Amino acid sequence: MRHHEPFPMNEQVTAEYHKVRAIFDILSGKKEADLLLKNLNILDVHSEAVYQGSILVYDKRIVALNPDESIVKVREVFDGQGLYAIPGLIDAHIHFDAQLAHPAAFGEAIVPCGTTTIFSECLDFVSAAGEEGAPALARLFRNHERLPYRVFAFAPGKKVSTAVTDAVLKLEPVIGLGELGHLTYSVGDDEDFRKAALGRVHGGFRNSHWGVTALSPMILNYLPAIGSSFNHDVWTEDDIEKSVRYGFPTQIKFGVGSAEVIKIMLRAIVKRKWPAENFLLCSDNISVMRLLTLGHMDWVVSLCAEMGLNPIQAIKMATLYPARMYHKEADLGSLTPGKFADIVLTDSLAKINPLYVFKDGELVARDRKLLKKADIDYSGMATKAVPGLANLAPEQLDLVPLEVSPDGKRAKVILFDVYGRGHAKFFQDVWVPFVNGKVVPEIDGLRYNRFSLVQRYADGKRHVVNALFKGVSIDRGAVATFWPAPEAYFVAVGEDSAEMCHCLKQVDALAGGCIVTENKVVKAAMDLDIYGVMANASLAELLAATRSIDEALEAMGNRNEGEPVVNKLLTLFISLHRFGFMEGVAGGGDASAKPASEGAKAKPTGTRGEKLPA
């Protein structure tokens, strides 16, 4: 008789061998499973049906639906109390670094909302870190597997050098190329071509950006032709129609823009009866304060149902469809054997109420509270400020007209609108009264605050843009912020140049953050000490700082709406850079500076995102 020698197995094969044997033994009643969730109403996203049953979990994954409980052995049993079981919710596109919270604190906000997976940009963090971007990101994500949610990240497609993009593409948990700076394609920018090529070579995903109706026909064809995977910048019905027609899985976002914007998009989907499989739900940018008041993916799924979408289809837009489009369907997106045991228990499918949240079969949140915080220390990533405004003078912030009317009674100035959503009205030229040689900050009888965008490190004459501002309205004092991605610039809002200048110099002592002053006394402060874009703080500490900014401004006359003021002001830097206000001209610096062309290329940043003084 011929004897069969054991098949030689390497370490990886041996590990998998033991896993498959263990699953067989569990289902045969010979080995103990980790968890049995019973008495559930399970949502089958494949057949779009709900059935009564149970879920068996072993080694972080679902190994059985409705196992034979007469033979199965299990370490723990959880009674689902007849609640609906749905897959863990997925945010298909988020800038986690724009939330100001480090990854562990961010988990405190999103996981209790039922979110167990995010697909995240990290371009602002990497841009702020400059040439240190790749090692800094590696440190930030070093312990990502200990987080109570999954994170898949993207290398920056803009705001950094090609070398940094290449280095980040090689890191874990990076799965592709992030937002492309595609407006520069129209001028044939070689840096963009190189980044797109790197994304193609690495075989990952490539995110595209900007409302498709704003793209030229050439670029609208070019982006899908080079393999762009998604479009997340849609604002209107026409945007959605083109995005779908050109084959982009379209990410419907709720975090950026007024509350009405997402309703416009959802109404269009219902009206046009576009198949839900074309869409993924995402937040893009959203504050942790808003997460705690409105919710995260639970809120937007519920809004979809409220606006007329089939509730199960809405759930699929935040579970199965993003898993499928990111090629993660083998692991995520449905409650079926083999998938990670990321499970949300809710008492309604039309209005998601995450009573229990499981990640990897572990109960991580209950009744909208995180049960176990990630024990990760980020304090070693804090960076020190390199001040640059010592020679800034108040008169540099004075509002000088772009033009004066022939009769000398009116002046033309720029008006920035923080609510100019879709960027259509982010900035515009407006005429205001001009009295005794001074601009009166008033339009149609309404008074507006002054606004200054200030370069931190001047190379010759400092680049400053002075304008009016709609979105923060204070009777006295000032508020200033610094955000080093991708350029080292401040913004300040107030009424008096001397107060604004003093406030800016207080922020200049920080790596990044926001400060409110009144009569040159600091009334509230937020320190973003991790490369100037994140707070080395718990969620509670971050929220307290955020509230202190709003409360100080409210005492000075502001009546805020929507996002907290600090998030609102920091979001400005995205559009200010996009429209060229941070770039100026060589020697820069006059108060009437106008934006560079939309195709202008961002200048590379230095260490920690700052252009250091010579």
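A quick note: this is a predicted structure, and the numbers were derived from the prediction, not measured.

(A) Expanded view of the pairing of strand 20 (residues 427–435). The sheet contact formed by strand 19 (residues 410–417) and strand 20 spans seven bridges and is antiparallel. Residue pairing for strand 20: isoleucine 414 is matched across the bridge by aspartate 429. Note: strand 20 against strand 21 (residues 438–439), two bridges, orientation antiparallel. By the bridge assignment, valine 435 is partnered in strand 21 with lysine 438.

(B) Fine view of the packing of helix 5 (residues 162–169) against helix 6 (residues 190–201). One can describe the packing of helix 5 onto helix 6 by two numbers: an axis separation of 10 Å at closest approach and a directional angle of 10°. One finds that helix 5 runs roughly parallel with respect to helix 6. Packed against helix 5, whose contacting residues are Thr162, Thr165, Asp166 and Leu169, the element helix 6 presents Glu191, Arg194, Lys195, Leu198 and Gly199 at the interface. Partitioning the contact of helix 5 with helix 6 into residue classes produces two nonpolar, three polar and four charged.

(C) Quick peek at the packing of aromatic side chains. Under the defined criterion, the tally for this structure stands at 20 aromatic pairs. Relative to tryptophan 299, the ring of phenylalanine 254 lies with its centre 5.5 Å away and its plane at 50°, an arrangement referred to as tilted. Of the two residues, phenylalanine 254 sits in the loop between strand 12 (250–253) and helix 9 (259–272) while tryptophan 299 sits in helix 11 (residues 297–306), which places them 45 residues apart along the sequence. Here phenylalanine 254 matches tryptophan 299 in class, with each residue buried. One aromatic cluster in this structure is built from Phe416, Phe426, Phe427, Phe451, Phe469, Phe579 and Phe581. A cation sits over an aromatic face here: arginine 410 above tryptophan 431, 4.8 Å from the ring centre. The ring of phenylalanine 482 carries the charged tip of arginine 456 above its face, separated from the ring centre by 4.3 Å.

(D) Structural detail: the side chain of aspartate 124. Examined against the element boundaries, aspartate 124 turns out to sit in helix 3 (residues 123–129). Among all residues touching aspartate 124, those that are not within four sequence positions of it are His95, Asp97, Ala98, Lys159, Trp483, Ala485 and Val533.

(E) Structural context of helix 2 (residues 103–110). Judged by how many residues are buried, helix 2 sits mostly within the fold: eight of eight residues are covered. Among all positions of helix 2, only Pro103, Ala104, Ala105, Phe106, Gly107, Glu108, Ala109 and Ile110 are buried. Buried residues along helix 2 sit against strand 6 (89–95), strand 7 (115–121), helix 4 (133–140), helix 10 (288–293), strand 17 (369–370) and helix 15 (539–555).

(F) Structural context of the pattern of salt bridges. For the structure shown, the criterion picks out 26 salt bridges. Between lysine 373 and glutamate 108 there is a salt bridge, and its shortest N-O distance comes to 3.6 Å. Of the two residues, lysine 373 sits in the loop between strand 17 and strand 18 (403–404) while glutamate 108 sits in helix 2, which places them 265 residues apart along the sequence. Assessed through its relative accessible area of 54%, lysine 373 is described here as exposed. Residue glutamate 108 is classed as buried on the basis of its relative accessible area, which comes to 16%. Of the charged contacts, one joins glutamate 241 and arginine 245 as a salt bridge, the two residues approaching to 3.5 Å between their closest N and O atoms. With a gap of four residues between them, glutamate 241 and arginine 245 both fall in helix 8 (residues 237–245), about one helical turn apart. Here arginine 245 falls in the exposed class, since its relative accessible area comes to 60%.

(G) Representation of the confidence of the model for the protein in the model. Per-residue confidence for the protein averages 89 on the pLDDT scale, and 91% of its residues sit at or above 70. Predicted confidence is poor over residues 584–614, with pLDDT under 50, and the contacts of this stretch with residues over four places away or in other chains come to 94 contacts.

Reading the values: rules and limits
- Residues numbered from 1 in each chain as written.
- Predicted model: local features only at pLDDT ≥ 70, side-chain atom pairs only at ≥ 80, totals over all residues.
- Heavy atoms only, no water.
- Pairing = 2+ DSSP bridges.
- Helix = DSSP H or I, 4+ residues; strand = E, 2+ residues; numbered from the N terminus.
- Axes fitted to C-alpha atoms, helices over the stretch in contact; angles between N-to-C directions.
- Parallel < 35°, antiparallel > 145°, perpendicular 65-115°, else oblique.
- Contact = heavy atoms within 4.5 Å.
- Nonpolar A, V, L, I, M, F, W, Y, C, P; charged D, E, K, R; others polar.
- Phe/Tyr/Trp six-rings, centres within 6.5 Å; stacked < 30°, edge-to-face > 60°.
- Buried < 20%, exposed > 50% of the residue type's maximum accessible area, 1.4 Å probe, protein only.
- Lys NZ or Arg CZ within 6 Å of the ring centre and 35° of its normal.
- Salt bridge = Lys/Arg side-chain N within 4 Å of Asp/Glu carboxyl O.
- pLDDT = per-residue confidence, 0-100.

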